[in-house]
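# A closer look at the structure
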Amino acid sequence: QVQLVESGGGLVQPGGSLRLSCAASGSFFSMYSMDWYRQTPGKQRELVASITSGGRTNYADSVKGRFTISRDNAKNTVYLQMNSLKLEDTAVYYCHARRDYSYDNYWGQGTQVTVSS
């Protein structure tokens, strides 16, 4: 079993930065691919960024060049560095873990990010 706990959300002005963290408990963290999703009221949950167990990353077009996903396997933690934040980045951000060729997947509880002037 894997438990995920997000932190680092908060209120930030447009153009500002935040770094989200997702701390994982459980074994074999390095074998999981990790994702960040976000969701706003009335919209479907959106995949923002992913990093595979091998370190390959990808991003939603809306955040390319502004957000960076990374992982520290020694700390069992994945990060989302968010720069040049926009009003439309406001959402609850969720951490997600998954394994290739497996139905195993886990969700964190979410952390609120609010971008407001």
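Our structure is the block above this text.
Residues numbered from 1 in each chain as written. Predicted model: local features only at pLDDT ≥ 70, side-chain atom pairs only at ≥ 80, totals over all residues. Heavy atoms only, no water.

## Considerations on the state of the cysteines
What the rule picks out here adds up to one disulfide. Each sulfur of the disulfide joining Cys-22 and Cys-95 lies 2.1 Å from the other. Taking the sign of the S-S torsion, -85 degrees for the link of Cys-22 and Cys-95, the bridge is left-handed. Separated by 73 residues along the polypeptide, Cys-22 in strand E3 (residues 18-25) and Cys-95 in strand E9 (residues 91-98) bring together distant segments of the chain. A relative accessible area of 0% means that Cys-22 is categorised as buried. (Disulfide = S-S within 2.5 Å. Helix = DSSP H or I, 4+ residues; strand = E, 2+ residues; numbered from the N terminus. Buried < 20%, exposed > 50% of the residue type's maximum accessible area, 1.4 Å probe, protein only.)

## A look at the pattern of salt bridges
Counted according to the given criterion, the structure contains five salt bridges. Among the salt bridges present, the one from Glu-46 reaches Arg-38, with a minimum N-O distance of 3.0 Å. By relative accessible area, Glu-46 is classed as partly exposed at 26%. Classification of Arg-38 by relative accessible area gives buried; the value is 7%. (Salt bridge = Lys/Arg side-chain N within 4 Å of Asp/Glu carboxyl O.)

## Concerning the environment of Gln-1
Summarising the element assignment, Gln-1 is placed in the segment before strand E1 (3-7). Residues contacting Gln-1, with those up to four places away along its chain left out, are Ser-25, Gly-26 and Tyr-106. (Contact = heavy atoms within 4.5 Å.)

## Re the nonpolar core
In this structure, Leu-4, Met-34, Trp-36, Leu-80, Met-82 and Tyr-93 are the most contacted members of the largest nonpolar core, which totals 29 residues. Residue assignment for this core shows that the elements contributing at least two residues are E3, strand E4 (33-39), strand E5 (46-51), strand E7 (67-72), strand E8 (77-82), E9 and strand E11 (111-115). (Core = buried A, V, L, I, M, F, W, Y, C linked by side-chain atoms within 4.5 Å.)

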